[in-house]
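Given next are the chains, with one letter for each unit.
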Amino acid sequence: MPSISDVSAIALVGVGATAVLDAWLLLLQRLGLPTMNFVLLGRWVGHGLRGRWRHASIAKAPAVPGERGLGWLVHYLVGMVFAGVLAGLLGTTWWQAPALMPALAFGVATVAVPLFVMQPAMGLGIAARKTPTPLKNSLRSVGNHAVFGLGLYLAAAALQRIGL
């Protein structure tokens, strides 16, 4: 069973990695590139909590009260869950001396969740195939998840440096 300090470190790494991703998404937005709308994530989860996980178009689904906050909350919770999975896969050795490549590889692997679960359930098809530019959208997702992986490494390295 993980200790409180392990759980705290996992949570901090997940939050840190997600914040790195958010900084990246903000940069992309400032450059005029489209990014994930966390309102739609909140809408999807909100409908899911009411029993409906599949949509023809989540953008056309009725709004859910508090969907913006719910979307952001889920976004950060997923980051923490992914950090926990990484901790389970790599064990304490990696956490004591974080290395970039395992975190980057894991971050890229997490793209399977949006490509094969979330996008189809939101009405976008597997790997965004129902969008006007599926390859471009999928590659952007892979890039974003690579940035999340970089964030996992940076957050773990920062915690290790300060002794947490």
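Residues numbered from 1 in each chain as written. Predicted model: local features only at pLDDT ≥ 70, side-chain atom pairs only at ≥ 80, totals over all residues. Heavy atoms only, no water.

Chemist: Quick one: what's the story with the pattern of salt bridges, residue by residue and with numbers?
Modeler: The full count for this structure, using the stated rule, is 1 salt bridge. Here Glu 67 makes a salt bridge to Arg 43, at a shortest N to O gap of 2.8 Å. Taken together, the positions of Glu 67 in helix α3 (residues 67–96) and Arg 43 in helix α2 (residues 38–49) put the pair 24 residues apart, joining distant regions of the chain. For Glu 67, a relative accessible area of 10% puts it in the buried group. (Salt bridge = Lys/Arg side-chain N within 4 Å of Asp/Glu carboxyl O. Helix = DSSP H or I, 4+ residues; strand = E, 2+ residues; numbered from the N terminus. Buried < 20%, exposed > 50% of the residue type's maximum accessible area, 1.4 Å probe, protein only.)

Chemist: Run through the nonpolar core, naming residues and quoting values.
Modeler: In a soluble, globular protein the nonpolar side chains are often hidden away together inside. Val 13, Trp 94, Trp 95 and Leu 152 are the most contacted members of the largest nonpolar core, which totals 17 residues. Mapped onto this core, the elements with two or more residues apiece are α1 (4–30), α3, α4 (100–109) and α6 (134–162). If we ignore the near neighbours within four places in the chain, the residues touching Trp 94 are Leu 86, Ala 99, Pro 102, Ala 103, Leu 152, Tyr 153 and Ala 156. Formed by 14 residues, the second largest nonpolar core is a distinct cluster that contains Leu 28, Leu 41, Ile 58 and Val 74. (Core = buried A, V, L, I, M, F, W, Y, C linked by side-chain atoms within 4.5 Å. Contact = heavy atoms within 4.5 Å.)

Chemist: Tell me about the packing of α3 against α4, residues and numbers included.
Modeler: Between α3 and α4, whose axes approach to 11 Å, the crossing angle comes to 155°. Put simply, α3 runs roughly antiparallel to α4. For the crossing formed where α3 meets α4, the hand is right-handed. Counting all contacts with α3, which are made through Phe 82, Val 85, Leu 86, Leu 89, Leu 90 and Trp 94, the residues of α4 involved are Pro 102, Ala 103 and Phe 106. (Axes fitted to C-alpha atoms, helices over the stretch in contact; angles between N-to-C directions. Parallel < 35°, antiparallel > 145°, perpendicular 65-115°, else oblique. Left-handed = near helix turned anticlockwise from the far one by under 90°.)

Chemist: Could you give an account of the packing of α4 against α6, with specific residues and numbers?
Modeler: Contact geometry of α4 with α6 gives a least axis separation of 7 Å together with a crossing angle of 145°. The two elements α4 and α6 cross, and the hand of that crossing is right-handed. Together, Leu 100, Ala 103, Leu 104, Phe 106, Gly 107 and Val 108 of α4 and Val 142, His 145, Ala 146, Phe 148, Gly 149, Leu 150, Leu 152 and Tyr 153 of α6 make up the contact between the two elements. Looking at the contact of α4 with α6 residue by residue, the class counts come to 11 nonpolar, 3 polar and no charged. (Nonpolar A, V, L, I, M, F, W, Y, C, P; charged D, E, K, R; others polar.)

Chemist: I'd like a description of unusual backbone geometry, backed by residues and values.
Modeler: Glycine aside, negative phi is the norm for most residues, and most peptide bonds take the trans geometry. If you check the backbone angles, Ala 127 has positive phi at about 50° while not being a glycine. Relative to the helices and strands, Ala 127 is located in the loop between α5 (112–121) and α6. The backbone of Ala 128 sits at a positive phi, close to 60°, despite the residue not being glycine. Relative to the elements of secondary structure, Ala 128 occurs in the loop between α5 and α6. Residue classification places Ala 128 among the buried residues on the basis of a relative accessible area of 1%.

Chemist: Please provide a residue-by-residue account of α5, values included.
Modeler: Taken as a whole, α5 has its buried residues at Pro 114, Leu 115, Met 118, Gln 119, Pro 120 and Ala 121. The secondary structure elements touched by the buried residues of α5 are α2 and α6. Just downstream of α5 lies Gly 123, where phi reads positive at about 95°.

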